[in-house]
Amino acid sequence: MRFKTATSPHILRETGVGQVMRRVLYAMAPGIAALAWFFGWGVLVNLTLATVVALVAETLMLAARGKPLALHLGDCSAVVTAWLLAAALPSLAPWWLTALGVAFAIVVAKHLYGGLGYNPFNPAMVGYVVLLISFPREMSTWPIPHGVGQAHVLGLPDTLEIVFGGAGRLVADGLTGATPLDVLRTQLGLGLTVAEIRNGPMFGIVSGSGWEWAALGFLAGGLWLVYIRAADWRIPAGMLGGLAAIATVFYLVDPQRYAPPWFHVWSGAAIFGAFFIATDPVTASTTPRGRLIYGAGIGVLVYIIRAFGGYPDGVAFAVLLMNIAAPTIDLYTQPRVFGARGR
């Protein structure tokens with residue numbers, strides 16, 4: 001019997017940056033589709049606008065730095081940054097908010113540090129944090145998910161009018177509201193218990209209605225990235241494990257005050273951040289043990305910010321803080337050289 005396998009040595013096929021980035025975009029598609037279904041056309045409008053702004057900003061910076069346009073535009077890294085930021089923005093955010101965040105991410109967080117491979121911080125999260133700190137009202141108001149109460153489904157023309165014509169009438173029309181994590185945080189401060197809060201119409205089976213399906217879509221895409229080895233499993237496992245572990249401790253101490261671990265894992269940007277943001281190969285830890293520590297650190301920081309900090313969801317801040325720690329983590333978690341004595 002003859003086999004098709006050739007004799008050794010076996011050389012792995014080279015995987016370029018562009019191929020990896022395109023796979024990330026493919027993996028984001030299920031989660032983005034769920035977001036678009038529950039939050040309307042604004043998700044796709046944000047995505048399109050962010051992509052255009054990212055490519056324009058990337059082109060201008062490459063030209064200013066004398067870099068070849070075709071090579072660097074073809075790697076899709078700017079598009080990935082645009083999609084990561086656009087997916088995290090409220091779907092009816094004004095156009096200038098999306099444009100400003102993406103431009104800052106590409107120009108300042110990426111190119112002013114030397115471009116792809118030299119940036120110490122995740123560009124998309126830098127852009128997100130700048131917007132969150134500078135424009136908290138615009139960044140904290142999401143449309144009511146489709147299927148929750150009397151949520152009004154906007155068509156594409158109305159969405160374009162709101163995004164490009166001004167979002168001032170949204171609050172008056174009752175089309176928007178706080179996110180589930182924000183509702184939980186606010187009502188806990190009013191003395192309600194977690195069980196009472198989660199009985200509200202905004203909450204679904206595990207976390208927020210609509211949000212949990214988006215998280216499921218991003219989980220499916222993230223697991224596919226891990227399966228094809230485009231992402232390392234250690235960082236998502238460390239992040240979600242760290243978040244679940246610390247949430248379990250506080251939940252066991254006081255279940256009326258602290259939400260259960262499964263709620264935190266499925267809420268906000270936890271799963272999205274674990275598979276698509278924390279795994280950034282440039283800004284994350286690179287050693288096997290280091291990746292577990294790096295991910296766990298993000299998970300713990302996310303919970304601390306959610307439970308005790310000033311923001312309802314802390315994925316962006318946690319990632320940026322651990323970006324600072326990544327070089328030190330790598331320094332002290334270097335794997336033992338083959339044949340050398342263990343320490």
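Right above here is the structure, for reference.
Figured I'd write up the structure that's included with this text. (Residues numbered from 1 in each chain as written. Predicted model: local features only at pLDDT ≥ 70, side-chain atom pairs only at ≥ 80, totals over all residues. Heavy atoms only, no water.)

The next thing to look at is a nonpolar patch on the surface. On the surface, Trp41, Leu44, Trp95, Trp96, Leu156, Leu160 and Phe164 cluster together into a nonpolar patch covering about 630 Å² of accessible area. For the nonpolar patch, the secondary-structure elements that each account for two or more residues are helix 5 (95-110) and helix 8 (156-165). For the nonpolar patch, the element with the most residues is helix 8, which contributes three residues. One can find Trp95 in helix 5. A residue is classified by how much of its surface remains accessible, and Trp95, at 40% relative accessible area, is partly exposed. (Patch = residues over 30% accessible without salt bridge, like charges linked within 9 Å, V, L, I, M, F, W, Y side chains within 5 Å. Areas by Shrake-Rupley, 256 points an atom, 1.4 Å probe, with all protein chains shown as cover. Salt bridge = Lys/Arg side-chain N within 4 Å of Asp/Glu carboxyl O. Helix = DSSP H or I, 4+ residues; strand = E, 2+ residues; numbered from the N terminus. Buried < 20%, exposed > 50% of the residue type's maximum accessible area, 1.4 Å probe, protein only.)

Note on placement: Pro94 falls in the loop between helix 4 (77-88) and helix 5. Accessibility expressed as a relative area gives 9% for Pro94, which makes it buried. Taking the C-alpha atoms as reference, Pro94 lies 9.6 Å from Leu160; in sequence the two are 66 residues apart. The contacts of Pro94, once residues within four sequence positions are left out, are Glu138 and Val163. (Contact = heavy atoms within 4.5 Å.)

Throughout the structure, instances matching the rule amount to five salt bridges. Residues Arg234 and Asp232 are paired through a salt bridge, measuring 2.9 Å at the closest nitrogen-oxygen approach. Taking relative accessible area as the criterion, Arg234 reaches 23% and is therefore assigned partly exposed. For Arg291, the salt bridge identified is with Asp232, shortest N-O distance 3.1 Å. Highlighted residues: Arg291 in helix 16 (residues 288-308) and Asp232 in the loop between helix 12 (211-227) and helix 13 (234-253), separated in sequence by 59 residues. Linked through salt bridges whose partners overlap, the residues forming this network are Asp232, Arg234 and Arg291.

Moving on, we get to helix 13. Over its 20 residues, helix 13 runs 28 Å from end to end, which matches the ideal 28 Å to within 8%, given 1.5 Å per residue. Among all positions in helix 13, only Ile235, Pro236, Gly238, Met239, Leu240, Gly242, Leu243, Ile246 and Ala247 are buried. Structurally, helix 13 contributes buried residues whose contacts are with helix 14 (261-266), helix 15 (270-277), helix 16 and helix 17 (315-332). (Expected span 1.5 Å × (residues − 1).)

Quick look at the side chain of Asp232 now. One polar contact links the side chain of Asp232 to the main-chain amide nitrogen of Arg234, over a distance of 2.8 Å. Among all residues touching Asp232, those that are not within four sequence positions of it are Thr279 and Arg291. (Polar contact = N/O pair within 3.5 Å; in protein donor to acceptor, adjacent residues only side chain to side chain.)

Another aspect to go through is unusual backbone geometry. Even without glycine at this site, Cys76 takes up a positive phi of about 65°. Here Cys76 shows up in the loop between helix 3 (69-73) and helix 4.

Among the nonpolar cores identified, the biggest contains 83 residues, and Met28, Tyr128, Phe276, Tyr294 and Ile298 are the most heavily contacted of them. A per-element tally of this core places helix 1 (residues 17-39) first, with eleven residues. Dropping the residues within four chain positions of it, Tyr294 is found in contact with Ile235, Ala278, Thr283, Ala284, Ser285, Val319, Met322, Asn323, Ala326 and Ile329. In this structure, Leu184, Leu188, Phe203 and Phe263 belong to the second largest nonpolar core, which totals ten residues. (Core = buried A, V, L, I, M, F, W, Y, C linked by side-chain atoms within 4.5 Å.)

Summarising the element assignment, Phe250 is placed in helix 13. Classification of Phe250 as partly exposed rests on a relative accessible area of 24%. Each C-alpha atom of the pair Phe250 and Pro260 lies 8.4 Å from the other, and the pair is ten residues apart in sequence. With sequence-adjacent residues up to four places away left out, Phe250 is seen in contact with Tyr258, Tyr303 and Phe308.

On to the packing of helix 6 (residues 123-134) against helix 17. Closest axis-to-axis distance for the helix 6/helix 17 pair is 9 Å, and the angle between their directions is 130°. Our classification of the angle between helix 6 and helix 17 gives oblique. For helix 6 against helix 17, the interelement crossing comes out left-handed. Seen from helix 6, the contacting residues are Met125, Val126, Tyr128, Val129, Leu132 and Ile133; seen from helix 17, they are Ala316, Phe317, Val319 and Leu320. Among the residues making up the contact of helix 6 with helix 17, the classes are represented as ten nonpolar, no polar and no charged. (Axes fitted to C-alpha atoms, helices over the stretch in contact; angles between N-to-C directions. Parallel < 35°, antiparallel > 145°, perpendicular 65-115°, else oblique. Left-handed = near helix turned anticlockwise from the far one by under 90°. Nonpolar A, V, L, I, M, F, W, Y, C, P; charged D, E, K, R; others polar.)

Turning our eyes to something else, we now look at the packing of helix 13 against helix 15. Taken N-terminus to C-terminus, the directions of helix 13 and helix 15 make an angle of 155°; their axes are 8 Å apart at the nearest point. As summarised for this structure, helix 13 and helix 15 are arranged roughly antiparallel, according to the angle between their axes. In this structure, helix 13 meets helix 15 at a crossing whose hand is right-handed. Taken together, the residues of helix 15 that come into contact with helix 13 (itself represented by Ile235, Pro236, Met239, Leu240 and Leu243) are Ala270, Ile271, Gly273, Ala274 and Phe275. Residues belonging to the contact of helix 13 with helix 15 are distributed by class as follows: nine nonpolar, one polar and no charged.

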